Amino acid sequence: TSLRVHFTLPPVRPDALAHGIVTVHVKAGNGAWHSVDATSSTLISSNGSGTAHRADSRVALVKGLAEGLSYRAQVNVKNACGWGAFSPVSEPLTLGAAALRPTAPAAPLLEAVDKTSLRVHFTLPPVRPDALAHGIVTVHVKAGNGAWHSVDATSST
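Just so it is clear, the structure is predicted and the values come from calculations on it, not from any experiment.

Caption draft 1: Here's a closer look at the overall build of the protein chain. When helices and strands are tallied, the protein chain shows one helix and 13 strands. Rg of the C-alpha trace for the protein chain: 22 Å, well past the compact-globule value of 15 Å for 157 residues, more than 25% over. By its C-alpha atoms, the protein chain is 70 × 40 × 25 Å across when sized along the principal axes. Every one of the 157 residues in the protein chain was classed for burial, and the buried ones make up 20%. Of all intrachain contacts in the protein chain linking residues separated by at least 6 positions in sequence, the fraction that spans at least 24 positions is 47%. For the protein chain, the accessible surface area stands at approximately 11100 Å², while carbon and sulfur atoms represent 57% of it.

Caption draft 2: Summary view of the nonpolar core. Grouped together as the largest cluster of nonpolar side chains are 17 residues, with contacts concentrated most on Leu-3, Val-5, Phe-7, Val-22, Val-24, Val-26 and Val-62. Elements supplying a minimum of two residues to this core: β1 (3–6), β2 (21–28), β6 (59–62) and β7 (70–79). Counting residues per element, this core draws most heavily on β7, which supplies four residues. Those residues in contact with Val-22 that lie beyond four places of it in its chain are Phe-7, Leu-9, Ala-52, His-53, Arg-54, Ala-55, Val-75, Asn-76 and Val-77.

Caption draft 3: Region of interest: the pattern of salt bridges. As enumerated under the stated definition, the model contains two salt bridges in all. Between Asp-56 and Arg-54 there is a salt bridge, and its shortest N-O distance comes to 2.5 Å. On the basis of relative accessibility, which here comes to 46%, the residue Asp-56 falls in the partly exposed class. The shortest N-O distance in the salt bridge between Glu-111 and Arg-119 comes to 3.3 Å.

Parameters and conventions
- Residues numbered from 1 in each chain as written.
- Predicted model: local features only at pLDDT ≥ 70, side-chain atom pairs only at ≥ 80, totals over all residues.
- Heavy atoms only, no water.
- Helix = DSSP H or I, 4+ residues; strand = E, 2+ residues; numbered from the N terminus.
- Rg over C-alpha atoms; globule rule 2.2 N^0.38 Å.
- Buried < 20%, exposed > 50% of the residue type's maximum accessible area, 1.4 Å probe, protein only.
- Contact = heavy atoms within 4.5 Å.
- Areas by Shrake-Rupley, 256 points an atom, 1.4 Å probe, with all protein chains shown as cover.
- Core = buried A, V, L, I, M, F, W, Y, C linked by side-chain atoms within 4.5 Å.
- Salt bridge = Lys/Arg side-chain N within 4 Å of Asp/Glu carboxyl O.

Shown next as structure tokens:
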């Protein structure tokens, strides 16, 4: 089981040296932080061994993780003057089937067609890399404080 850590580097200050390398750190649950080795994409001890990521990579693949555990990540950057501070810690991600489900779409837009009909416009959320494509969409409509009803795609009722 694997995950990708996407990161954005801070801007380089005027007259400062460019970012050179990035270390990506991941921890499971309340466990210890581990570095992500850029060569093997696996977790290693955070003692300075392993290969750092190039600063222009912007993403780190992490392999060999356990399904059902929550993971968090943080990164820090090094230039010729030394290491910067760590980034804030990411929100947790629990690996498993739920992590691969689509994210919620944006709110739909309703358009009046006539006095008794409306059209629902919606945009699907993006498909995550290596995730399954979206299979089906259900549209639900609610009048006032009434119950939600699904729209029959074949008859539009």
